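# Observations on the three-dimensional arrangement
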Amino acid sequence: MSKGTGPMSKLYNAIILSVDKIVPQAAQPLWQSPAGPKTVFFWAPFFKWSLVAAGLGDTLSRPAQNISLNQCGSLAATGLIWSRYSVVIIPKNYSLLAVNMAVFFIQSFLVVKHLRWRNEKARNTVFKHPYYPIWSGDDW
């Protein structure tokens, strides 16, 4: 239960009290858990799985030259950092650990995919940027 007195806290408390009555007995251990659906410890990892789904979509369909090295590198780093955090906090949040390890591995794979492409193909690729009108190629 929320200890706040604002309108959102009152709404949250009303929802929790009404749902408490209909939670089946078999689901009570999860419902009453310190990292259960009543807390942010449950919902943050739940919604973070969308990052994993987006990374899987990039893995399957995005060409290596269109992968953002900065974005994937920073997501991989945060996945690793938050993985460590998830086992240090009380209560230990293994669902947060799982989602962050998944983010780390998928984004690391994308970083490696881009670096392989850069290593193999970048010497032969001509970048024509629309805002850089000077052509530096050999047109003689």
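Residues numbered from 1 in each chain as written. Predicted model: local features only at pLDDT ≥ 70, side-chain atom pairs only at ≥ 80, totals over all residues. Heavy atoms only, no water.

## Examining the overall build of the chain
Going by this rule: By definition, any uninterrupted DSSP run of H or I lasting at least four residues is a helix, any uninterrupted run of E lasting at least two residues is a strand, and each is numbered from the N terminus. Burial classification: accessible surface area is computed with a 1.4 Å probe over protein chains only, and a residue below 20% of its type maximum counts as buried, one above 50% as exposed, and the rest as partly exposed. Working rule for contacts: check all heavy atoms of both residues, and any pair within 4.5 Å makes them a contact.
The helix and strand inventory of the chain stands at five helices and zero strands. Helices and strands in the chain line up, N terminus first, as α-α-α-α-α. Sorting the 140 residues of the chain into buried and exposed places 25% on the buried side. If you take every contact in the chain between residues at least 6 apart in sequence, the share linking residues at least 24 apart comes to 59%.

## Overview of the pattern of salt bridges
Put simply, the rule is: Basic side-chain nitrogens of Lys or Arg form a salt bridge, by our definition, when they fall within 4 Å of a carboxyl oxygen of Asp or Glu.
Going through the model one piece at a time under the given rule, you end up with two salt bridges. Across the pair K38 and D20 runs a salt bridge whose closest N-O atoms are separated by 3.5 Å. Of this pair, K38 sits in the loop between α2 (28-32) and α3 (40-61) while D20 is found in helix α1 (residues 7-20), placing the two residues 18 residues apart along the sequence. R62 serves as the salt-bridge partner of D58, at 3.1 Å between the closest nitrogen and oxygen.

## Focus: helix α4 (residues 69-88)
One turn of an α-helix holds 3.6 residues; hence residues three or four places apart share an orientation. What counts is decided by this rule: A helix is expected to span 1.5 Å multiplied by its residue count minus one. Working definition: the arc comes from the directions between the helix axis and the C-beta atoms, pointing outward to the latter.
With 20 residues, α4 extends 29 Å from end C-alpha to end C-alpha; this agrees with the ideal 28 Å at 1.5 Å per step. By the burial criterion, the buried members of α4 are C72, A76, G79, S83 and S86. Buried residues of α4, viewed axially, fall in a sector of 95 degrees; they line one side. More than 90 degrees from the buried face of α4, the exposed residues found are N70, I81 and R84.

## Comments concerning the environment of Q107
Checked against the element boundaries, Q107 lands in helix α5 (residues 94-121). With 56 residues separating them in the primary sequence, Q107 and L51 have C-alpha atoms 9.7 Å apart. Other than its neighbours up to four places away in sequence, Q107 contacts L51, G55, C72, L75 and A76.

## Details of the packing of aromatic side chains
How we decide: For this analysis, a ring pair means two rings from Phe, Tyr or Trp (six-membered ring only for Trp) whose centres lie within 6.5 Å, classed as stacked if their planes differ by under 30 degrees, edge-to-face if by over 60, and tilted for the remaining angles.
The full count for this structure, using the stated rule, is seven aromatic pairs. A connected cluster of aromatic rings, assembled from ring pairs, spans F42, W43, F46 and F47.

## Examining the nonpolar core
When a protein is soluble and globular, its nonpolar side chains tend to lie buried together. For clarity, the threshold we go by: As used in this record, nonpolar core signifies buried Ala, Val, Leu, Ile, Met, Phe, Trp, Tyr and Cys residues forming a set joined through side-chain atoms within 4.5 Å.
In terms of nonpolar packing, the biggest core is built from 10 residues, these being V52, I67, C72, L96, V99, A102, V103, I106, L110 and V111. With residues near it in sequence (within four places) discarded, V111 still touches L69, C72 and G73.

## Details of unusual backbone geometry
Geometrically, the link from I90 to P91 is a cis peptide bond, its omega value of 0 degrees lying close to zero. Mapped onto the fold, P91 is located in the loop between α4 and α5.

## A few points about a nonpolar patch on the surface
Our working rule: What makes a patch is a set of residues exposed beyond 30% relative accessible area and free of salt bridges, joined within 9 Å when like-charged and within 5 Å when nonpolar (Val, Leu, Ile, Met, Phe, Trp, Tyr). Here the accessible surface of atoms and residues is derived via Shrake-Rupley with a 1.4 Å probe, and residues count as covered only by protein chains that are part of the display.
On the surface, M8, L11 and I15 cluster together into a nonpolar patch covering about 320 Å² of accessible area. The residue L11 is located in helix α1 in this model.

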